[in-house]
Amino acid sequence: MSSNPARYSKGMIVIHWLSALLVFGAWLTSTGGRHMAENPPLLHFSLGLAVLLLVLPRLVLRVAGGVPEVVQPGGWLAVAARFGHAVFYLFLICLPLSGWYAASRLGVPVSFFGIPLPAIAERVQGAPGPVAELHENAGTIILYLAGLHAAIAVWHQFKLRDGTLQRMSLR
Ligand code: HEM
Ligand code: HEM
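Residues numbered from 1 in each chain as written. Chains lettered and ligands numbered in written order. Predicted model: local features only at pLDDT ≥ 70, side-chain atom pairs only at ≥ 80, totals over all residues. Heavy atoms only, no water.

Take the overall build of the protein next. Within the protein, the secondary structure is distributed over five helices and two strands. In the protein, the order of α-helices and β-strands from amino to carboxyl end is α-α-α-β-β-α-α. Here the C-alpha coordinates of the protein stretch approximately 55 × 25 × 25 Å along the principal axes. Scored against the burial criterion, the 171 residues of the protein give a buried share of 35%. (Helix = DSSP H or I, 4+ residues; strand = E, 2+ residues; numbered from the N terminus. Buried < 20%, exposed > 50% of the residue type's maximum accessible area, 1.4 Å probe, protein only.)

Shown next as structure tokens:
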């Protein structure tokens, strides 16, 4: 339970910023599939899988009361925020899983910071298919969404002056 109901709990805040950094890191370390087998982007896999790993405690903390009351309950802004955050969760789960699937289709062994993981799909010859394409596109779309999300947060903070940034700050 959050000690200050006006803010997200400390755990939620740490996971939020850590996940944002990991998504950015995964994007920076991403590469196309053609020569992946010779030189697998292991850091890309590890950073991306860490994003997936953090979703579980994040959801547990949500259920445990780590989320404050929305800024304007009942209004359209609250509905839009809920929808936007749900879309992020969809990306945070589907993006790493589709990447793992793509790597498996390409026959590239996946590991998480040195821990080998099994393939989750049959290896194919040639193009890895639509899920891999979806992964590549979604991997960039999430960055645009993060930019939009950050711009909305800044608008809340400086135009609506509702202290939104404080809700996601440790101090
Ligand atoms: C938040 C997490 C992730 C983001 C933002 C992300 C982003 C991206 C992007 C932008 C690309 C396209 C790169 C290019 O074409 O130059 C890509 C490709 C790829 N990623 Fe990820 N990725 C994530 C997680 C993962 C994970 C967890 C894995 C595997 C365990 C993975 C495996 C792959 C593979 C195999 C490709 C090449 C796909 C192909 O060429 O068809 N990704 N990723
Ligand atoms: C890939 C990057 C990001 C993702 C995936 C993301 C995701 C989320 C999600 C899902 C929430 C809802 C609370 C939760 O369940 O944790 C949230 C809230 C929030 N985010 Fe982000 N975020 C990202 C980057 C950023 C950035 C760059 C900013 C900078 C301004 C930011 C500012 C905030 C703020 C202020 C809230 C609280 C909103 C409220 O008052 O309810 N986020 N974010």
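Close to ligand 2 lie 20 residues, the nearest being Y8, H16, Y89, H149 and R167. One nitrogen or oxygen atom from the side chain of H149 is found 2.7 Å from a nitrogen atom belonging to ligand 2. The dominant element in the shell around ligand 2, judged by the number of residues it contributes, is helix α1 (residues 10–28), at five residues. Looking at the shell around ligand 2, its residues break down into 13 nonpolar, four polar and three charged. (Near = heavy atom within 4 Å. Polar contact = N/O pair within 3.5 Å; in protein donor to acceptor, adjacent residues only side chain to side chain. Nonpolar A, V, L, I, M, F, W, Y, C, P; charged D, E, K, R; others polar.)

We now examine the coordination of the iron atom of ligand 1. Six octahedral donors around a metal ideally sit at 90 or 180 degrees from one another, while four tetrahedral donors ideally sit at 109.5 degrees. Looking at the iron atom of ligand 1, one finds its protein donor set to be H44 (NE2) and H135 (NE2), positioned 2.0 to 2.1 Å from the metal centre. A relative accessible area of 16% places H135 in the buried class. (Donors = N, O, S within 2.8 Å, 3.2 Å for Na, K, Ca; no water.)

A word on the coordination of the iron atom of ligand 2. Each protein donor to the iron atom of ligand 2 is listed here as H16 (NE2) and H149 (NE2); together their distances run 1.9 to 2.0 Å. Of note is the iron atom of ligand 2, whose six donor atoms meet at the metal with angles of 86 to 179° in an arrangement that counts as octahedral. One end of the pair, H16, is in helix α1; the other, H149, is in helix α4 (residues 130–160), with 133 residues separating them in the sequence. Residue classification places H149 among the partly exposed positions, given a relative accessible area of 28%. (Tetrahedral: all angles 85-135°; square planar, octahedral: opposite > 155°, others 65-115°.)

This part covers the environment of A138. Assignment of secondary structure puts A138 in helix α4. For the pair A138 and L95, spaced 43 residues apart in sequence, the C-alpha to C-alpha distance is 6.8 Å. Setting aside chain neighbours within four positions, we find A138 in contact with F91 and L95. (Contact = heavy atoms within 4.5 Å.)

With 31 residues, α4 extends 42 Å from end C-alpha to end C-alpha; this agrees with the ideal 45 Å at 1.5 Å per step. Of the positions making up α4, those classed as buried are A132, H135, A138, G139, I142, A153, H156 and Q157. Those residues of α4 that are buried lie in contact with α1, α2 (42–63), α3 (76–106) and α5 (164–167). Just past α4, the residue R161 takes up positive phi, approximately 50°. (Expected span 1.5 Å × (residues − 1).)

The interhelical angle for the contact between α2 and α3, taken along N-to-C directions, is 145°, at an axis separation of 9 Å. The crossing of α2 and α3 is left-handed. Across the interface between the two elements, F45, G48, L49, V51, L52, V55, R58, L59 and R62 from α2 touch H85, Y89, L92, I93, P96, L97, W100 and A103 from α3. Split by residue class, the contact of α2 with α3 holds 13 nonpolar, two polar and two charged. (Axes fitted to C-alpha atoms, helices over the stretch in contact; angles between N-to-C directions. Left-handed = near helix turned anticlockwise from the far one by under 90°.)

Our focus in this paragraph is the packing of aromatic side chains. One pass over the structure, following the stated rule, counts two aromatic pairs. Judged by centre distance (6.1 Å) and plane angle (20°), the ring pair of F24 and W27 falls under stacked. Here the residue F24 and the residue W27 both occupy positions in helix α1, the gap between them amounting to three residues, near one helical turn. With a relative accessible area of 34%, W27 lands in the partly exposed category. Between F112 and F113, the ring centres sit 5.0 Å apart and the planes meet at 70°, which makes this aromatic pair edge-to-face. (Phe/Tyr/Trp six-rings, centres within 6.5 Å; stacked < 30°, edge-to-face > 60°.)

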